[in-house]
Amino acid sequence: MDFLDTVSLWFLAQVKPNSAVIAQANLERQGFAIFMPTEMRTMRRAGRFETRRCPLFPGYLFVSFDPDKGLWRKINATRGIMRLVSFGGVPRPVPPELIAQIAKRCDATHCLRLQREFAEGEEVRVASGPFVDFAATIERIEPDQRVWLLMDLMGAETRVAVSAAELRAKDG
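So, here's what we can say about the structure.

So, how was this worked out
- Residues numbered from 1 in each chain as written.
- Predicted model: local features only at pLDDT ≥ 70, side-chain atom pairs only at ≥ 80, totals over all residues.
- Heavy atoms only, no water.
- Pairing = 2+ DSSP bridges.
- Helix = DSSP H or I, 4+ residues; strand = E, 2+ residues; numbered from the N terminus.
- Axes fitted to C-alpha atoms, helices over the stretch in contact; angles between N-to-C directions.
- Contact = heavy atoms within 4.5 Å.
- Buried < 20%, exposed > 50% of the residue type's maximum accessible area, 1.4 Å probe, protein only.

Attention shifts here to the sheet that holds strand 6 (residues 81-84). Strand order across the open sheet formed by four strands is 2-5-1-6, with antiparallel pairing between neighbours. Sheet topology places strand 2 (33-35) and strand 6 at the edges, where each strand pairs with a single neighbour. Recorded for the sheet is a direction-independent mean angle of 35° between the axes of neighbouring strands. Looking at chain direction, strand 1 (residues 10-15) and strand 5 (residues 60-64) are connected through five bridges and run antiparallel. Considered in strand 5, the bridge of leucine 12 is made with phenylalanine 62. On the sheet, helix 3 (residues 96-104) packs against strand 1, strand 2 and strand 5 and is oriented at approximately 65° with respect to strand 2.

Burial of strand 1 is extensive: five of the six residues sit out of reach of the surface. Relative to strand 6, strand 1 is paired through three bridges, and the arrangement is antiparallel. If you follow glutamine 14 over to strand 6, its bridge partner there is arginine 83.

These values are about where atoms sit, not about what they do.
Here it is as structure tokens:
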């Protein structure tokens, strides 16, 4: 991602509860580069399923700055930020390889993309949609990324079609 090319060091900031968007806007207004990876999650709310973007690391975001300029105190005082994660009272940078690997798995909007191809017969977990958190076995994969699953619904094995983007590895 090109935003990685413009900055050198990334630090982890803890945000106040329900303040990630506020913290991000305030840090960006001050000229800091922010990286807050997200993923699509389906949750049940009031009897309905709702799919929305959620932070990959709830309560945290990455912020880039030059520590030699002493700007980290300014970040700690930013509205929405609880504190920079520090060791011995000094913020420590996140390994650049970690940021690069996370960024490589995200699209241009910093949303996590599907990372691998699935195989017929593989055990998976449905990550979004009305069958969220159901375990299933892949029966067939269509060229258009539609995946036919076999899942146990009320004691009977049932075929269900979902998008490959809605699946995660069973252990992940």
